[in-house]
Amino acid sequence: MITVVIGGGTMGAGIAHLLLAGGHEVVLLDAADRLDAARGAVAKSLAKAAERGKLTAAPDELLARLAVVDRLDPTPAGLVVEAVPEDLDLKRRVLATAADACPDAVLASNTSSLSIGALAEGLPGDRVLGMHFFNPVPVQQLVELVRHDGVAPEVVAKARRWAEELGKTVIEVRDAPGFATSRLGVAVGMEAIRMLEEGVASAEDIDTGMRLGYGWPMGPLRLTDLVGLDVRLAIAEHLAAELGPRFAPPDLLRAKVAEGHLGRKTGQGFFTW
Ligand SMILES: CC(=O)CC(=O)SCCNC(=O)CCNC(=O)[C@H](O)C(C)(C)COP(=O)(O)OP(=O)(O)OC[C@H]1O[C@@H](n2cnc3c(N)ncnc32)[C@H](O)[C@@H]1OP(=O)(O)O
Ligand SMILES: NC(=O)C1=CN([C@@H]2O[C@H](COP(=O)(O)OP(=O)(O)OC[C@H]3O[C@@H](n4cnc5c(N)ncnc54)[C@H](O)[C@@H]3O)[C@@H](O)[C@H]2O)C=CC1
């Protein structure tokens, strides 16, 4: 099956890796000046998986099924997954282009928090759903499927089947702000930043507390660095608008994003990488 992935950043590259390893042909769409970086990120991720003995084919064999493009021609794709930044208008625009270029495809958004119903407005809404992957995509076991009122049941069933064929476990969630995962994940992440602002403990000790006390694989501040401070800020702003000021992003988060300290991807966030 041909699958189109729109956006080749942290998530798009990981989703492309997963799809290639699962036998899909992948068309990865990004801006012209991002194409080398996107292909490089997919190749790096596949190389890591190969090192760990997680691939059944050589990375080069899988990469032969990847086309990295800056324009989407008409494509007989079964699935489109968009993973562009967390901005409703941008996501609507790229999905509208994909809806025309791929008339038979399921149109999935990897949004962390935005309303799938709002995203579907002006699109063929029966084909639209949330298909939320987790970072790092090849490693995390979950796909959260988000249903809005207008989605066709067979579209949800197809997305479930594809996710399960890719080795993931699916949860189904109705279209509510932040779904079942980001609402809780961001609540803890924002509180950890407020604790750091208030001098409750150092970043290292806040993280060690949740790692060793609660068995998290990494603490909430390192996790914010992994996700991207800009990504978490966008999600928190949306949740604050929808669910109220308990989600208001802390000043420290805004300040770091304004300085360009976006976490692991820029080398500096709450920690130096
Ligand atoms: C924002 C949203 O909308 C939703 C979200 O995604 S929220 C974020 C959800 N993710 C999490 O909570 C992640 C929590 N952390 C973890 O699970 C783990 O710390 C981790 C998987 C990130 C790393 O685990 P680890 O035990 O330290 O490392 P290990 O498993 O040995 O892997 C080492 C590296 O290989 C990568 N790796 C492991 N298996 C891999 C595979 N099959 N393919 C590609 N890369 C792989 C890991 O990502 C890690 O990458 P870096 O070196 O770049 O850090
Ligand atoms: N970072 C994370 O841990 C997770 C993020 N998400 C969600 O996934 C989406 C993407 O997040 P990231 O991958 O972190 O962002 P990112 O910033 O790493 O990547 C976004 C990519 O989209 C590209 N892009 C921007 N405009 C485009 C356009 N018009 N056409 C094609 N490509 C375009 C950018 O060049 C970039 O490569 C967001 O909605 C985010 O909320 C979901 C799960 C986890």
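Report follows, based on the coordinates. (Residues numbered from 1 in each chain as written. Chains lettered and ligands numbered in written order. Predicted model: local features only at pLDDT ≥ 70, side-chain atom pairs only at ≥ 80, totals over all residues. Heavy atoms only, no water.)

Inspection of the entire model under this criterion finds 16 salt bridges. We note a salt bridge from E86 to K91, for which the minimum N-O separation is 3.9 Å. On the accessibility criterion, E86 (18% relative accessible area) is buried. Measuring nitrogen to oxygen at the nearest pair gives 3.7 Å for the salt bridge that ties E121 to R92. Of the two residues, E121 is situated in the loop between α5 (116-120) and β6 (128-132) and R92 in helix α4 (residues 88-101); the sequence distance between them amounts to 29 residues. For R92, a relative accessible area of 22% puts it in the partly exposed group. Among the charged side chains, a network of salt bridges with common partners joins R147, R160, E164 and E172. (Salt bridge = Lys/Arg side-chain N within 4 Å of Asp/Glu carboxyl O. Buried < 20%, exposed > 50% of the residue type's maximum accessible area, 1.4 Å probe, protein only. Helix = DSSP H or I, 4+ residues; strand = E, 2+ residues; numbered from the N terminus.)

Okay, helix α8 (residues 203-214) next. Relative to the 16 Å expected for 12 residues at 1.5 Å per residue, α8 spans 16 Å between its end C-alpha atoms, a close match to the ideal helical length. Of all the residues in α8, the buried ones are A203, I206, D207 and M210. Buried residues in α8, looked at end-on, bunch into an arc of 95°, giving them a common side. Facing away from the buried side of α8 by over 90 degrees, the exposed positions are D205, L212 and G213. Of the surrounding elements, those touching the buried residues of α8 are α7 (182-197) and α9 (220-227). In the segment just after α8, G215 is the residue with positive phi, at about 75°. (Expected span 1.5 Å × (residues − 1). Arc of directions from axis to C-beta. Contact = heavy atoms within 4.5 Å.)

Below, the discussion takes up the environment of E172. Along the chain, the position of E172 falls in strand β8 (residues 169-174). The class of E172 is partly exposed, set by a relative accessible area of 36%. Separated by 16 residues in sequence, E172 and V156 have C-alpha atoms that sit 9.0 Å apart. Here E172 is in contact with L145, R147, V156 and R160, once residues within four sequence places are set aside. Side chain to side chain, E172 and R147 meet in a polar contact 2.9 Å long. Here R160 takes part through its side chain, which lies 3.2 Å from a polar atom of the side chain of E172. (Polar contact = N/O pair within 3.5 Å; in protein donor to acceptor, adjacent residues only side chain to side chain.)

In this structure, the second largest pocket spans a volume of roughly 230 Å³. Considering the residues around the second largest pocket, the lining is formed by 14 residues, among which L18, A21, P138, L166 and K168 are closest to the centre. The element that contributes the greatest number of residues to the lining of the second largest pocket is helix α1 (residues 10-21), accounting for three residues. Residues belonging to the lining of the second largest pocket are distributed by class as follows: seven nonpolar, four polar and three charged. (1 Å grid on protein atoms, 1.4 Å probe; cavity = no way out; pocket = protein on both sides within 12 Å on 5 of 7 lines; lining within 4 Å. Points joined across faces, edges and corners; volume = space filled by probe spheres on them. Nonpolar A, V, L, I, M, F, W, Y, C, P; charged D, E, K, R; others polar.)

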